Amino acid sequence: MQQETIEVSALRKRFGATVALDGMSFTVRPGQVTGFVGPNGAGKSTTMRVVLSLDAPDEGRALVGGRPYASLPRPLSHVGSLLDAGALQPSRSARNHLMWLAHSQGLGARRVDEVIAQAGLTGVARRRAGGYSLGMRQRLGIAAAMLGDPPVLMFDEPFNGMDPEGIVWMRKFLRGLAGEGRTILVSSHLMSELQDAADHLVVVGRGKVIADTSVDELRAAASGDRVTLRTTAGPAAMAVLERAGAAVIAHDGDTLTLSGLAAGQVVTALNDGGVPFSEVSAHRATLEEAYMELTRDAVEYRAVGR
Amino acid sequence: MSAGTTTPVRPDDAAGAARFGFLNGFASLLRAEWIKFRSVRGWVIGMIVAVVVMEFMGLFLAQAHVGCQVSGGPAKSGAACVQPMPLGPGGEAVNDQYYFVHQPLGSSGTLTVRLTSLTGWYGGNGGVPAAPSNPLAGLQRGLQPWSKAGIIITDSTKQGSAYAAIMSTGSHGVAMQYNYTSSVAGRPGAVGPASPRWLRLVRSGDAISGYDSADGAHWTLVGAAHLAGLADTVQAGMFATSPQHTQVTQFVGHSQGQISPSLATGVFDHVRLSGGSAGGGGAWTGDNVGSNQPFGPGSTQAETFHQAGGRFTITGSGDIAPVVNGMGSGPTASISQHLIGTFAGLIAVAVVAVMFMTAEYRRGLIRLTLAASPRRWRVLVAKAVVVGAVSFVAGLVAAVIAVPIGAHIDHVNGLYVFQASAATTARVLAGTGLLLAVMAVLALAIGSMVRRSAVAVTAVIVGIVVPYFLGVAQVLPTSASEWLMRVTPAAGFSVQQSLVVYPQVTNSYTTPNGYYPLGPWGGFAVLCGWALVAMAGAVYLLRRRDA
Amino acid sequence: MNMTLAVRRDALHAEWTKLRTVSGPAWLLAGLVAATVGVGAAVDAASRCPAGEVCQVDTAKLTFTGIDLGQAVVAILAVLAFSNEYSNGMIRVTLAAMPRRGLVLAAKAALVTGLVLVAGAVGVLGSLLAGRLMLPGHGYTVARGFTALSLSDGPMLRAAAGSILYLGLIALLSLGVAALVREAAVAIGVVLALLYLFPIIVASVGADPHWQRHLEQIGPMQAGLYIQATTNLHALPLSPWAGLGVLALWSAGALLLGALSLSLRDA
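Procedures and definitions
Residues numbered from 1 in each chain as written. Chains lettered and ligands numbered in written order. Predicted model: local features only at pLDDT ≥ 70, side-chain atom pairs only at ≥ 80, totals over all residues. Helix = DSSP H or I, 4+ residues; strand = E, 2+ residues; numbered from the N terminus. Buried ≥ 20, exposed ≤ 12 C-beta atoms within 10 Å, placed from the backbone. Contact = placed C-beta atoms within 7 Å. Pairing = 2+ DSSP bridges. Axes fitted to C-alpha atoms, helices over the stretch in contact; angles between N-to-C directions. Nonpolar A, V, L, I, M, F, W, Y, C, P; charged D, E, K, R; others polar. Left-handed = near helix turned anticlockwise from the far one by under 90°. pLDDT = per-residue confidence, 0-100. Expected span 1.5 Å × (residues − 1). Bend = angle between axes of the 7 residues up to and from the residue. Parallel < 35°, antiparallel > 145°, perpendicular 65-115°, else oblique.

Draft legend 1. View of the overall build of chain A. Summing up its helical and strand segments, chain A has ten helices and 13 strands in all. Dimensions of chain A along its principal axes, counting C-alpha atoms only, are 80 × 45 × 40 Å. A total of 306 residues make up chain A; the buried ones form 44% of that total.

Draft legend 2. Highlighting the environment of Ala-344 of chain B. Along the chain, Ala-344 of chain B turns up in helix α3 (residues 342–362). In this structure the C-alpha to C-alpha distance between Ala-344 of chain B and Glu-55 of chain B, which are 289 residues apart in sequence, comes to 9.9 Å. Non-local contacts of Ala-344 of chain B, meaning those with residues more than four positions away in its chain, are made with Val-53, Met-54 and Met-57 of chain B together with Ala-193 and Leu-197 of chain C.

Draft legend 3. Looking closely at the sheet that holds strand β1 (residues 6–15) of chain A. Residue and element names in this part refer to chain A. Spatial ordering of the open sheet is given by β2-β1-β4, a layout of three strands whose pairing is antiparallel. In the strand order of this sheet, the two ends are held by β2 (18–28) and β4 (59–64), each with one partner. Averaged over all pairs of adjacent strands, the angle between their axes in this sheet comes to 20°, without regard to strand direction. Where β1 meets β4, five bridges bridge the pair, whose relative direction is antiparallel. Bridge pairing in β4 places Val-8 opposite Ala-62. Set on the sheet, helix α1 (residues 44–51) makes contact with β1, β2 and β4; between it and β1 the angle comes to about 115°.

Draft legend 4. View of the pairing of strand β6 (residues 148–154) of chain B. Residue and element names in this part refer to chain B. With respect to burial, β6 is a largely interior element, seven of its seven residues being buried. Sheet topology note: the β6/strand β13 (residues 234–241) ladder contains seven bridges and is antiparallel. Looking across to β13, one finds that Ala-149 is bridged to Ala-240.

Draft legend 5. Up close: the interface of chain A and chain C. If you look at the interface, chain A gives 28 residues, while chain C gives 25 residues. Looking at the side of chain A that touches chain C element by element, the count peaks at six residues for helix α2 (residues 94–104) of chain A. Within the side of chain A that touches chain C, the residues separate by chemical class into 15 nonpolar, ten polar and three charged.

Draft legend 6. Highlighting the sheet that holds strand β8 (residues 200–205) of chain A. Residue and element names in this part refer to chain A. Reading across the sheet, the six strands line up as β5-β6-β7-β3-β8-β9 and stay open at both edges, with mixed pairing between neighbours. Across the chains shown, the open sheet's two edge strands, defined by having one partner strand only, are β5 (79–82) and β9 (208–214). Here the strands of the sheet are splayed against their neighbours by 15° on average, with no regard to which way each runs. In this structure, strand β6 (residues 152–156) lies alongside strand β7 (residues 183–188), joined through five bridges in parallel fashion. Pairing of Met-154 across the sheet is with Leu-185, part of β7.

Draft legend 7. Structural context of α1 of chain A. Of all eight residues in α1 of chain A, seven are buried; the element is thus mostly enclosed. Taken together, the buried positions of α1 of chain A are Lys-44, Thr-46, Thr-47, Met-48, Arg-49, Val-50 and Val-51 of chain A.

Draft legend 8. Summary view of the packing of helix α4 (residues 67–88) of chain C against helix α7 (residues 154–181) of chain C. Residues and elements named next belong to chain C. It is the contact of α4 with α7, at a shortest axis distance of 8 Å, that shows an interaxial angle of 35°. In the packing of α4 onto α7, the handedness of the crossing is right-handed. Where α4 abuts α7, its residues Ile-67, Gly-70, Gln-71, Val-74, Ala-75, Ala-78, Val-79, Ala-81, Phe-82 and Ser-83 lie against Ser-163, Tyr-166, Leu-167, Ile-170, Ala-171, Ser-174, Leu-175, Ala-178 and Ala-179. Tallied by class, the residues present in the contact of α4 with α7 amount to 14 nonpolar, five polar and no charged.

Draft legend 9. Region of interest: the environment of Asn-325 of chain B. All names here are of chain B. If you trace the backbone, Asn-325 turns up in the loop between β20 (320–322) and β21 (332–333). Separated by 182 residues in sequence, Asn-325 and Asn-507 have C-alpha atoms that sit 7.9 Å apart. Beyond its immediate stretch of four places on either side in the chain, Asn-325 contacts Thr-332, Ser-334, Phe-418, Leu-499, Asn-513 and Gly-514.

Draft legend 10. Region of the structure containing the confidence of the model for chain B. Residue and element names in this part refer to chain B. The predicted model of chain B has a mean per-residue pLDDT of 82, with 82% of residues at 70 or higher. Within the model, pLDDT remains below 50 along residues 1–12, and this stretch shows 22 contacts once partners closer than five positions in the same chain are excluded. Contacts for the low-pLDDT stretch residues 293–299, under 50 throughout, to residues beyond four places or in other chains number 22 contacts. The ipTM for the predicted assembly is 0.87, set against a pTM of 0.81.

Draft legend 11. Structural context of α3 of chain B. Residues and elements named next belong to chain B. If you check α3, its first and last C-alpha atoms are 29 Å apart, about what 21 residues at 1.5 Å a residue would give, namely 30 Å. Its maximal kink placed at Phe-356, α3 deviates by approximately 35°. With 19 of 21 residues buried, α3 is to be regarded as a mostly interior element.

Draft legend 12. Spotlight on unusual backbone geometry. The backbone of Glu-157 of chain A shows a phi angle near 50°, a positive value even though the residue is not glycine. With respect to the helices, strands and loops of the structure, Glu-157 of chain A is situated in the loop between β6 and α5 (164–179). Phi is positive for His-270 of chain B, close to 50°, though the residue is something other than glycine. By the element assignment, His-270 of chain B lies in strand β16 (residues 262–276).

Draft legend 13. Region of interest: the packing of helix α8 (residues 184–204) of chain C against helix α9 (residues 209–218) of chain C. All names here are of chain C. At their nearest, the axes of α8 and α9 sit 9 Å apart, and the two run at 170° to each other. What the angle tells us is that α8 and α9 run roughly antiparallel. Taking contact as the criterion, the partners of Phe-198, Ile-201 and Val-202 in α8 are, on α9, Gln-212, Leu-215 and Glu-216. For the contact of α8 with α9, a count of residues per class yields four nonpolar, one polar and one charged.

In structure tokens, the structure reads:
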């Protein structure tokens, strides 16, 4: 398998008053699944459209295998993509949808039937695609992306509409593709979906990259383990614990959230200081929390009120 | 989408609240649809485009200029080219051209004649006067339907004077006509030596009564006219005149028309005038009234009269009637002419109205809409009310701008603008709004049934614009295109008609000339019928089909 | 093989597969034939020129009257070929597979126009046959000076071939407009307004022959249909081929704007 990268450098784009991309830069490397995460409106889809030359950036450029996408004569043999599973003519059968795509790349019916089998659509491929469920449409979109057997694949929110079984299949499928040495970029607004699929993460918010890191690094970089403490003597506990080297992250009524000390050390310090408490619990950071912390300021549409 | 939910009904006042809740629910549904409409910029722009294209087409494209050049002189245009048309007592433009053999009459008196013959000539060289030596050269024998000879009492021989007349006509029997616009039928049948017509006018102050008789003994009152402000001394006498000969040949694919002047000759005897200045024995004077009238059918130079004993032979050409819009009517315009942009505005409105419905299906918004209001017909009605109201405003605004400015431009350009009463003008202006509103509802309903916006828009345009197009582009013969203007939704355009049909004037009263086959409200009712049927079909399908 | 050539062939192949694998285009093409022949035959059946009358009728225009309605079907076909992709979002799949956007437009234009030309030829020949069967019996004989309803007659051949080309140019005009405005309802509205409104405006400016003549010269439908004229050519505001040329300019302009919009705007 020929190895190709996706390079995105300093992309800027505005839609009217909205800044969609604000200096987006990252590189996606072969042989691993790169998760592309960020809240809604962070610029993930726009970036993917720019990579595919569907949208033109105001500044910056995106290259696939070192070349602009638009210069590729048969682009689907370089990049396979799934942006919107609903983007098809409902009255056309799935097989014919793949057929015109195949013809556009000089490919034939045999390749179409191969990808249909690969996506698990063999029994339903001659039915009109308009009658497909969202999950089936996702599989059809994946079949379309696989048509040119490309070294680079981009999927925008592929887990949307999939049942748990489908999600498991999808994760395995993505890992398999990466195992073949392909470059895989998968976007999602839910870190949990990528938890067991991605090796590397590009976390974005408000049109730029917040973190470009491996999954393990991100987990480690997250502000470590936390301890939750329930006590009626808040100020006394804070004084004691800060002297012992802990940092108080949050203080909400009777509940204190601490970092910098293990749970055992917290209990010792409180006992030594004679501070009463009712509960101490240790808490291991999840990828999800690390992500939430990273993107806290970058959430575009925060729930208001409640 | 909070606006789409219905207000919960309180259980403690179930009956009242149910009713109130229903109305309140519909009001909030209306509000929801209104928010949907105005929040799509393209639809609001579409409605503005409708108004703008209506003004552009109506005021800029549909402009007529009158140009003229007197041999060797500088080219002129506009009002300088046009001699003003005579106006009748009611202010309307009139044709007033006839050969008149008359003498003065006091404030009361009676004129009686026997008409023994009415014959005519027409054709010739398309209105070019024949040689003076032989004025009838090249003409054919024959009367026009409204060739006329009879007796008349008129304020003066000035064109546009108040008058009352009773006459025998080419093919409409005896008629009493007065002040140009009024015509009352009398004894039917043609006049000839074997069936002469006795005619009588009786003046008493402002009142003039017309009688006819077959034998001069038994008289029948045909009609009575009150000519306000009639002078004490008026002119009374015999006249003959004949409107232009119009021949329109209709083919599928085109029509061809020919206009030529015509003459009518009436032979009178038993002339008795009482109340004349000389007691009925005065001399009769012949006058070719209005012979310089520029828009008449053209002089054949054959107009004259002979008197031999008590027998008068009078030949005249022209007409005493209101000017109508049609072939040979000269540079005229109606107040509706500048609403021609309604077609373009209609297309814009139809596009918006169709999309207002089909956009719901595009990404499944319809499911949310119907979930918020499970009584589906109410959704459709709410949409119809919103798009209809917006279209009404657009049409009204466009018409209120286009009509007065257009009439002013026409006036400056030297066109005669047919006058319309305040009620007619109001009907044309409001009617334009109603027209767009009902057509928008029709488009919405078709969009709901067809769901495919391109097909729906085409159906609306083919149903509304093409029938009119086939008529004006002369693809179909008049009878076929007028039939289409009766039965298709295009009939609704008749609500914009501002011209009046005068049965006593032969004219091609067709859509391209501004006359619709059904009356203003009749045609509009046809359109409303289409809209209702389409809405019923849309409601039926919306309830029956899965969203 | 030359790569560029192969890419062009692939684009045509893909667009052809798209047209072939949904039923809409086939129905619309059948509708085009039916509308053209049906309206033409109905008009033939209704027309009479009684002996002794002088009928200034152009038998070519008469028998090809169905084009007036057939063009609306062509407009739907061509507009949908583009707008459908925008309405369901498939345009992004298309342009990701074929990033050369001008090529996509060209392939669509070539195929849709080709299909319209074929169906248009069937419709025009059917109309001609209908005219040939009916019109001489209704008084429109060559002996009375009417144009022969035969392709061996030069002007009639030009009228027939020109009517087919006319439909092809309407397809190109519609495609260009659809690429420009994207939304199907708006595109079809714009195309049909361009076609049908000019004659209505012309009829409403009856008092001004000069202005009227100008409008007749620039209206895409009126100018384009001069190609059907076989009699009184000197009285036309434009010669038949010049008239068709005016329509070709409209089509070229629309395609150019459509291509520009397609390549400059985000998909």
